[in-house]
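Chains, contacts and geometry: an overview
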Amino acid sequence: MAEPVIKLENVWKIYQLGKVELVALKGINLEVAPGAFVSIMGPSGSGKSTILNMIGCLDFPTQGKVFLKGEDISLLTENQLSQLRGKTIGFVFQEFNLLPNLSALENVMLPMIFQGMSEEERRERAKALLTSMGLGERIFHQSPELSAGERQRVAIARAFANNPELVIADEPTGNLDSVTGKKIMEILTDFHKKEGKTIIVVTHDPNIANYSEEIINIKDGQIIANHLTASKVLWQR
Amino acid sequence: MAEVKEYFHIAIRNLRTRSLRSWLTILGIVIGVFLIISLLSLSEGIKQTINQQLRSLGGEMIFVMPGDISNIMAMFTSGAKLEKEDIGAIERTRGVETVLTMSYQSLVARYGQEGKMVFMSGLSWEKGIEIMERFQGWSLKQGEWPTPGKREILIGKQVETEIFEKPVKVGSEIVIKGKRFKVVGILNSLGSKQDDSSLYLDLSLYQDLTGEKRGAAQMAMVKVRDGSDVNKVAEDIKENLSETRKRRIGTDVADFSVITSEKMGDIAGSIMAVIQFAIIAFAGIAIVVGGIGIMNTMFTSIRERTREIGIMKAVGARNSAVLIIFLFEAGIIGFAGGIGGTFLGAGLAKAIEMYGQVHPLFYFSASITPGLIVFGLVFSFLVGCLSGFFPARRAANLKPVEALRRYE
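Residues numbered from 1 in each chain as written. Chains lettered and ligands numbered in written order. Predicted model: local features only at pLDDT ≥ 70, side-chain atom pairs only at ≥ 80, totals over all residues. Heavy atoms only, no water.

- The name an unreviewed UniProt entry gives chain B is ABC transporter permease.
- Annotation of chain B in UniProt includes, under Subcellular location (unreviewed entry), the sentence "Cell membrane".
- Of chain B, the UniProt comment under Sequence similarities (unreviewed entry) reads exactly: "Belongs to the ABC-4 integral membrane protein family." (UniProt positions renumbered as here; feature names shortened; annotations may be inferred.)

- Naming follows an unreviewed UniProt entry, where chain A appears as Lipoprotein-releasing system ATP-binding protein LolD.

Written out as structure tokens, the structure reads:
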């Protein structure tokens, strides 16, 4: 097997809430191969978001190691990590998380600024991405002027901006109606199929998980099953 | 470096989104810079006016006045005089070329139907005209120099148009204490409002008019012989005067002042230095308050935008990028405040200067130099950056995961 895009090795995450210790992850071992489409499922409080933060290199584990394309992220400085994250990972959030002061175009151009791309290149690429999302007419609108579905498409265009190896989507359809949600999942699936990129979706919706090729169920900070179909959503029982 | 332009662009956008708050913060800086610029340009202008006047006196002059210079009010109000013996003592001092005595007083002058209080100086025409021309920069705008002993007067430039309703012309008559005087000449501006609004007449006529003793005077200007050391001559005059006074009154209280024009400059300079220090101190407080305003705005803004910072970091922003964006925001606030403050400050100074030209008491120009303007702008930008530094550093050091989680 090729080198995993992301690898978690016995990852523990313990939050100190005053005097109480909250163990969010209990020794997670996980490998995601390049080109995979993985769903992580679990009820709220199961540790999904924490695992997502680890995979997205947004946080460091209390114990254990996280490798991004073979590199141990704990050995990187915060700036190096930002750089690597910006280049390798694209994020799609449930709340879209667009910068409200910037236009759709500028939001998509933003990750490219931090990679030092020239303005012309950025503009061209951002326009092309937005057009491919069917937003060619809306590029100069700011996010408050866009519908939820449009915002999420802008967010996906932004996630694709630096042509990342890995796209992480956190409940990408959570704030959308089912029709729009379906469209969004189709865009992600398309990207995965056409470009052969890795996609990790965190969700509690079995319908969404069904798009993926591999489903990982977690409960109480542990992986309890790794399987292929959403019908085996164990935690629902 | 290209990305810095983008950061600047983002900073501008952020400020625009919170425009009311941005403008209020800018206002805080405007007030501080406005104070600094207006007060500094005015005090610098006053300083220059004083220096200019002192320069026009020439470095070789010594002024002798009764009373102690360290108590200026007492000196001008005591009415003390230099007696004939005193003046003799000055004239006898080695190195003294000419002694020009002067007296001055405010009197009512009538011109046509109008009576106005004016400042009147008496000085001996015989010696005076040449010295005044050479060392005080006197020149005639119109008319001619008066003849000694005749009832002829010179008027300052302001008297011509500002004092009386009807303009005073060469050949007009002015009545002082029931005596008629003919205006024979109008002087060009002497650079001081008081000098320009005075009437000048022969000392002997002045003394007849005011009842001042012949031979006495309120002040003496001493022209030093070429090649003599001004300070040495001043010392000698002081000594001679002390002796004369001791003989006459029997005390050795130094109730007169001997000042060279150089020393006068020093005195004026040190007074101005104290005033400028006070101005900078007070205006500095205003700037600090403005800076705290920026800091407050930036901290608030960072709290509100924690999530945005998280997003930027998630999509690859380095700490330095976040730091630069927030520093730009603070710097722009400071700089915008600087532009407004400098503009308003210079405007006020100019307005006061214009008012000063028509008001009979003040007479100064504001000194608005390019240096002062650059100082205003650079200084306010720096205040902005400095006040923005701690908030910006806090923003830059936010952990992405914390920032994204906040306010969820």
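1. Remarks on the nonpolar core
- With 76 residues, the main nonpolar core has Ile6(A), Leu8(A), Ile55(A), Leu110(A) and Phe114(A) as its most contacted residues.
- For this core, the element with the most residues is helix H12 (residues 319-358) of chain B, which contributes 8 residues.
- Excluding its chain neighbours within four sequence positions, the residues that come into contact with Ile55(A) are Ile6(A), Leu8(A), Leu30(A), Ile40(A), Ile89(A), Leu166(A), Ile168(A) and Ile200(A). (Core = buried A, V, L, I, M, F, W, Y, C linked by side-chain atoms within 4.5 Å. Buried < 20%, exposed > 50% of the residue type's maximum accessible area, 1.4 Å probe, protein only. Helix = DSSP H or I, 4+ residues; strand = E, 2+ residues; numbered from the N terminus. Contact = heavy atoms within 4.5 Å.)

2. What about the sheet that holds strand E1 (residues 6-17) of chain A?
Residue and element names in this part refer to chain A.
- Pairing within the open sheet is antiparallel, and its 4 strands lie in the order E2-E1-E4-E5. Edge strands, defined here as strands with exactly one partner in the open sheet, are strand E2 (20-32) and strand E5 (71-72).
- Relative to strand E4 (residues 63-68), E1 runs antiparallel, the two sharing 5 bridges. In the strand pairing of E4, Lys7 is matched with Phe67.
- Contacts between helix H1 (residues 48-55) and the sheet are confined to E1, E2 and E4, with E1 contributing the most and set at about 125° to the helix. (Pairing = 2+ DSSP bridges. Axes fitted to C-alpha atoms, helices over the stretch in contact; angles between N-to-C directions.)

3. Re the pairing of strand E9 (residues 219-224) of chain B
All names here are of chain B.
- Within E9, 6 of the 6 residues are buried, leaving the element largely enclosed by the surrounding structure.
- Residues Met219, Met221 and Lys223 point to one face of E9 and Ala220, Val222 and Val224 to the other, with burial holding for every one of them.
- Across 4 bridges, the pairing between strand E1 (residues 61-66) and E9 is antiparallel. Residue Ile62 lies in a different strand from E9, and its bridge partner there is Val222.
- Across 6 bridges, strand E2 (residues 96-111) lies against E9 in antiparallel orientation. Pairing of Val99 across the sheet is with Val222, part of E9.

4. Observations concerning the UniProt feature "transmembrane region" (unreviewed entry) in chain B
Residue and element names in this part refer to chain B.
- When the UniProt feature table is mapped to this numbering, "transmembrane region" (unreviewed entry) covers residues 20-42, 271-299, 320-349 and 361-390.
- Annotated as 100% helix and 0% strand, the span residues 20-42 places its first and last C-alpha atoms 32 Å apart.
- In the segment residues 320-349, helix accounts for 100% and strand for 0%; the C-alpha atoms at its two ends are 41 Å apart.

5. Describing the domain arrangement of chain B
- By the assigned domains, chain B splits into domain 1 (2-54 + 265-405) and domain 2 (81-254).
- Between the C-alpha centres of domain 1 of chain B and domain 2 of chain B there is a distance of 50 Å. (Domains from an automatic or database assignment.)

6. Some thoughts on the packing of helix H4 (residues 119-132) of chain A against helix H5 (residues 148-160) of chain A
Residues and elements named next belong to chain A.
- H5 packs onto H4 with a crossing angle of 135° between their chain directions and a minimal axis gap of 9 Å. Accordingly, the angle class assigned to the pair H4 and H5 is oblique. Two packed elements cross with a definite hand, and for H4 against H5 that hand is right-handed. Contacts from Arg125, Leu129 and Leu130 in H4 reach Val154, Ala157 and Phe160 in H5.
- Across the contact of H4 with H5, the residue classes break down as 5 nonpolar, no polar and 1 charged. (Parallel < 35°, antiparallel > 145°, perpendicular 65-115°, else oblique. Left-handed = near helix turned anticlockwise from the far one by under 90°. Nonpolar A, V, L, I, M, F, W, Y, C, P; charged D, E, K, R; others polar.)

7. Structural notes on the pairing of E2(B)
Residue and element names in this part refer to chain B.
- Pairing between E2 and strand E3 (residues 114-123): 10 bridges, direction antiparallel. Looking across to E3, one finds that Arg110 is bridged to Gly115.
- The antiparallel pairing of E2 with E3 creates a hairpin that spans 2 residues between the two strands, and Gly112 there sits at a positive phi of about 65°.
- Bridge analysis of E2 against strand E6 (residues 173-176) gives 2 bridges, and the strand direction is antiparallel. Bridging across to E6, Ala109 finds its partner in Ile176.

8. Focus on the side chain of His192(A)
Residues and elements named next belong to chain A.
- Here His192 is to be found in helix H6 (residues 178-195).
- Polar side-chain contacts of His192 include one of 3.5 Å to the backbone oxygen of Gly35.
- Contact partners of His192, with chain neighbours within four places excluded, come to Gly35, Ala36, Phe37, Lys197, Ile199 and Glu213. (Polar contact = N/O pair within 3.5 Å; in protein donor to acceptor, adjacent residues only side chain to side chain.)

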